[in-house]
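A look at the structure
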Amino acid sequence: ENFKIAIDVLPGFASAHHNLSGVKTYSKKDSQVIYMESLLANNELSGQDKIYLSFALAKANEDLGNHKELFKHLHNGNELRKKQLNYSIAKSEGHNEMMKLFFNAKSIKKNKKLETDSSSIRPIFIVGMLRSGTSLVEQIISSHGEVYGAGELKNFNNSIIPIIKKHLAEENFSLIEDEFKLIREEYLSSLSMINTNANVITDKFPLNFRSIGFILSAFPQAKIVHLKRDAMATCWSIYKTNFNNKSIKYSYNIDDIAGYYGLYVDLMDFWHQLFPGKIYDMCYEDLTTNQEEETRKLLQYCELDWDENCLSFHKNKRAVNTASLLQVREKMYQGSSEAWKKHEAYLKPLIKALSAY
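Computed from a predicted model, the values in this text were never measured in an experiment.

Quick look at the overall build of the chain now. Counting its regular elements, the chain contains 16 helices and five strands. Relative to the compact-globule value of 21 Å for 357 residues, the chain shows a C-alpha radius of gyration of 22 Å, a close match. Seen along its three principal axes, the alpha-carbon backbone of the chain occupies a region of about 65 × 50 × 40 Å. For the chain, with 357 residues in total, the buried portion stands at 50%. Looking at the chain alone, contacts between residues at least 24 apart form 75% of all its contacts between residues at least 6 apart. For the chain, the accessible area works out to roughly 17,800 Å², and carbon and sulfur atoms hold 50% of it. Side-chain charges of the chain comprise 45 positive and 43 negative groups, with the mean position of each set lying 2 Å from the other.

Counting 70 residues, the largest nonpolar core has F103, F156, F214, Y250 and W271 as the members making the most contacts within it. If you tally residues by element for this core, the top one is helix α13 (residues 254-274), at 11 residues. Those residues in contact with F214 that lie beyond four places of it in its chain are M99, F103, F156, I160, I164, L175, F180 and I183. Grouped together as the second largest cluster of nonpolar side chains are 21 residues, V147, L287, L299 and Y301 included.

Tallying each qualifying case throughout the model produces 22 aromatic pairs. With a centroid separation of 6.5 Å and an interplanar angle of 85°, the aromatic rings of F209 and Y260 are classed as edge-to-face. Residue F209 is found in the loop between β3 (200-203) and α11 (212-218), and its partner Y260 is found in helix α13; the two are separated by 51 residues along the sequence. Look at F209 and you get buried, because its relative accessible area is 2%. For Y260, a relative accessible area of 5% gives the class buried.

Extensive coverage of helix α8 (residues 134-141) is indicated by the burial of eight of its eight residues. All buried positions along α8 are accounted for by T134, S135, L136, V137, E138, Q139, I140 and I141.

The next thing to look at is the confidence of the model for the chain. Per-residue confidence for the chain gives a mean pLDDT of 91; residues scoring 70 or more make up 91%. Considering each helix and strand of the chain separately, the mean pLDDT is smallest for helix α7 (residues 112-116), with a value of 58, and largest for strand β4 (residues 223-228), with 98.

Here we take up the environment of K29. Among the secondary structure elements, K29 is positioned in the loop between α2 (14-21) and α3 (31-40). Residue classification places K29 among the exposed residues on the basis of a relative accessible area of 83%. Put simply, K29 and F313 are 284 residues apart on the chain and 35 Å apart in space, counted from C-alpha to C-alpha.

Turning our attention to the environment of L182. Structurally, L182 can be placed in helix α10 (residues 177-192). In this structure, the C-alpha to C-alpha distance between L182 and I51, residues 131 residues apart in sequence, is 42 Å.

Parameters at a glance
- Residues numbered from 1 in each chain as written.
- Predicted model: local features only at pLDDT ≥ 70, side-chain atom pairs only at ≥ 80, totals over all residues.
- Heavy atoms only, no water.
- Helix = DSSP H or I, 4+ residues; strand = E, 2+ residues; numbered from the N terminus.
- Rg over C-alpha atoms; globule rule 2.2 N^0.38 Å.
- Buried < 20%, exposed > 50% of the residue type's maximum accessible area, 1.4 Å probe, protein only.
- Contact = heavy atoms within 4.5 Å.
- Areas by Shrake-Rupley, 256 points an atom, 1.4 Å probe, with all protein chains shown as cover.
- Lys, Arg positive; Asp, Glu negative; His and termini not counted.
- Charge placed at Lys NZ, Arg CZ, Asp CG, Glu CD.
- Core = buried A, V, L, I, M, F, W, Y, C linked by side-chain atoms within 4.5 Å.
- Phe/Tyr/Trp six-rings, centres within 6.5 Å; stacked < 30°, edge-to-face > 60°.
- pLDDT = per-residue confidence, 0-100.

Pasting the structure below:
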């Protein structure tokens, strides 16, 4: 309703049109669609407004079943956004190689002190690719009476950046015990500032999958829930989403998305080999088809007693600030991982690029 009011006040407000498109379903002869098309035809429109309107019109045409128009606007919006962010897959490749230099079989040592060091706060890290179901799983766990869902925290990432920069400057990849202790103390201190009485706190920053070596070295007993979803479903959902976060730069080009997905698979394989049995893989499709069974296994892994509220996660009123804000308000539903198939004729380049996964 507020987006509609904003558009009434300022009809050319492209950002409001874009936000409205994310929370409504379009029907034929919708006047907003016609107006957005007329706005986009304006040669004096800013690049940012073109991006907003292209993604909004892509969503509208997806709702209307207009495949050709959907992909015309989606490709245009993504191309403009990629130019704006100037992303290169080489940076992500470099990050993977850096993590492998920091963590290898020789560098991993048992840290007895950190294993026995007790804290009243128990973090649960929920990781995975964007659009893989991490918001849904956090909504489920945070519906438990003993859990607080903190959302996408960058606290852990912020605590390791200075240490990484220091080692890169010195060209030294040997991490020491005191550094992991410092990471642990800083992270726990940041969680203690959250206004909650719950001892169990979920941290759903998907990109923490890149930092699992640091997590398990600083928190040897950490619970890490890794969401796995069909590669095509994940990457299609990423490609059609205009993320607010400017640090998400790989998602506006099919080759970049497929390349990044390959790097993600490679790094997760590396962590699994390095820390066997320490990462809980959860299949999104299994969760949607066997909700109670998978929820019970999830809570058991997290060392939480059964709570019926976890089956009614859609009633949880906590704030959700990700692209999944609408989905987590609905009951569990099946078939979302098959949705890309109706666009198969237009997605052949992505299908080919992901054929290895």
